[in-house]
Amino acid sequence: MRKLAAGNWKMNGLGESLSEIRALAEAHPAPACDVLICPPSTLLARLSDAAGDAIATGAQDCHANETGAHTGDISAEMVADAGGTYVIVGHSERRTDHGETDDTVNAKARAAWRAGLSAIVCVGETLAQREAGEALSVVGAQVAGSVPDGARAANTVVAYEPVWAIGTGKVPTLEEIAEVHDDIRARLKARFGAEADGMRLLYGGSVKPGNAAEIFGTSNVDGALVGGASLKAEDFGGIIAALA
Ligand code: PGA
């Protein structure tokens, strides 16, 4: 399957950041993997215009409803209207900062599909949960609750992001990553059958140009969800190159 390098800019980026996208598009006119940038929603339309055909764009969150009285939220249809083709749902920062549950995330993933977008469903354990030996059970429960029935390879990506590895420079061992990714794949296969073979499983958490190649060589890792290292064209370009 074609791998995916997905960048999550989080709450970073102003109009001047579009130059990074132009530089990225120029340096990687025909990347060997799918490339996606999820900027803050204020930049989505402009970034979609600047990105060109080789770089897909998406949002970092969406509301479950199509329209309505939800001040400050954006719908999946608005993401599509602004040129996006993906939306990240259930990132740990949203689960923590906004109290999102698996049910919330499940509804947002279905909203993404309703609007014709692919959902990147994020899961991951905390350090305390890993140290208690609960990583597989926590992640398994999140996958079960957050990935909606009817998921298809074409519209569903699962991102495993250990909370303790996000923005910390700490990365699980390759064995730990493989153990979780193999387990997620097995759970998806049990539920979705052969369709699960084509669902991309991303690793996220302190992916950098220097560690990307070995992470991408790990069992059932089909790409990465990248925060800090997606902000600069040079860093993200190094990760894209490692996926080739
Ligand atoms: P990081 O963030 O690459 O800065 O660790 C990853 C993420 O939260 O998606």
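Refer to the structure above for everything that follows.
So, how was this worked out
Residues numbered from 1 in each chain as written. Predicted model: local features only at pLDDT ≥ 70, side-chain atom pairs only at ≥ 80, totals over all residues. Heavy atoms only, no water. Helix = DSSP H or I, 4+ residues; strand = E, 2+ residues; numbered from the N terminus. Contact = heavy atoms within 4.5 Å. Near = heavy atom within 4 Å. Polar contact = N/O pair within 3.5 Å; in protein donor to acceptor, adjacent residues only side chain to side chain. Areas by Shrake-Rupley, 256 points an atom, 1.4 Å probe, with all protein chains shown as cover. 1 Å grid on protein atoms, 1.4 Å probe; cavity = no way out; pocket = protein on both sides within 12 Å on 5 of 7 lines; lining within 4 Å. Sits in = over half its atoms within 2 Å of the grid points. Points joined across faces, edges and corners; volume = space filled by probe spheres on them. Nonpolar A, V, L, I, M, F, W, Y, C, P; charged D, E, K, R; others polar. Core = buried A, V, L, I, M, F, W, Y, C linked by side-chain atoms within 4.5 Å. Buried < 20%, exposed > 50% of the residue type's maximum accessible area, 1.4 Å probe, protein only. Pairing = 2+ DSSP bridges. Axes fitted to C-alpha atoms, helices over the stretch in contact; angles between N-to-C directions. Expected span 1.5 Å × (residues − 1). Right-handed = clockwise from strand over helix to strand, strands pointing away.

Q: Lay out the side chain of His91 with the relevant residues and their values.
A: In this fold, His91 is placed in the loop between β4 (86-89) and α4 (92-97). Excluding its chain neighbours within four sequence positions, the residues that come into contact with His91 are Asn8, Lys10, Cys122, Glu161 and Ile166.

Q: Got a sec to walk through the site of the ligand? Specific residues and values, please.
A: In the vicinity of the ligand there are 13 residues, among which Lys10, His91, Glu161, Gly167 and Ser206 approach most closely. In the environment of the ligand, an oxygen atom lies 2.8 Å from a nitrogen or oxygen atom belonging to the backbone of Gly227. About the coverage of the ligand: the protein hides 96% of its 280 Å² of free accessible area. Assessed atom by atom at 2 Å from the grid points, the ligand resides in the second largest pocket.

Q: Report on the layout of surface pockets, specifying residues and quantitative values.
A: Approximately 520 Å³ is the volume attributed to the largest pocket. Along its surface, the largest pocket is lined by 21 residues, and Lys10, Pro40, Gln60, Asp61 and Arg94 are the ones closest to its centre. Grouping the amino acids of the lining of the largest pocket by side-chain chemistry returns seven nonpolar, eight polar and six charged. By volume, the second largest pocket is sized at about 180 Å³. Surrounding the second largest pocket, 19 residues form its lining, Lys10, Gly167, Val226, Gly227 and Gly228 being those nearest its centre. Residue composition of the lining of the second largest pocket, by class: seven nonpolar, nine polar and three charged.

Q: Describe the nonpolar core, and please don't skip the residues or the numbers.
A: Ranked by internal contacts, the top residues of the largest apolar core, which has 61 residues, are Ile184, Leu188 and Phe236. Once you skip the residues sitting within four places of it in the chain, Leu188 turns out to touch Val143, Val158, Gly193, Ala196, Met199 and Leu201. Within the second largest apolar cluster, 12 residues are counted, among which are Ala6, Leu36, Cys122 and Val157.

Q: Report on the sheet that holds strand β8 (residues 223-226), specifying residues and quantitative values.
A: The strand order around the closed barrel built from eight strands is β1-β2-β3-β4-β5-β6-β7-β8, with neighbouring strands paired in parallel fashion. Neighbour-to-neighbour, the strand axes of the sheet open up by a mean angle of 25°, direction not taken into account. Against the sheet, helix α8 (residues 174-192) touches β5 (118-123), β6 (156-160) and β7 (200-204), its axis set at about 150° to β7.

Q: Describe helix α5 (residues 102-114), and please don't skip the residues or the numbers.
A: An ideal rise of 1.5 Å per residue puts 18 Å on 13 residues; α5 measures up with 18 Å between its terminal C-alpha atoms. Taken together, the buried positions of α5 are Val105, Asn106, Lys108, Ala109, Ala111, Ala112 and Trp113. Packed against the buried residues of α5 are α3 (76-81), β4, α4, β5, α7 (135-146) and β6. Looking one or two residues past α5, Gly116 carries a phi angle of roughly 85°, positive in sign.

Q: Give me the lowdown on the environment of Thr85, citing residues and values where you can.
A: Along the polypeptide, Thr85 turns up in the loop between α3 and β4. As a C-alpha pair, Thr85 and Leu36 span 49 residues in sequence and 9.0 Å in three-dimensional space.

Q: Tell me about the pairing of strand β1 (residues 4-8), and name the residues and values.
A: For β1, the tally of buried residues reaches five of five residues, placing the bulk of the element in the interior. Residues of β1 alternate between two faces, with Leu4, Ala6 and Asn8 on one and Ala5 and Gly7 on the opposite face, all of them buried. Taken together, the five bridges between β1 and strand β2 (residues 34-38) define a ladder with parallel strand orientation. Looking across to β2, one finds that Asn8 is bridged to Cys38. The β-α-β motif built from β1, the intervening helix α1 (residues 18-27) and the parallel element β2 has right-handed crossover chirality. In this sheet, β8 lies alongside β1 in parallel orientation, the contact comprising four bridges. Looking at β8, one finds that Gly7 is bridged to Val226.

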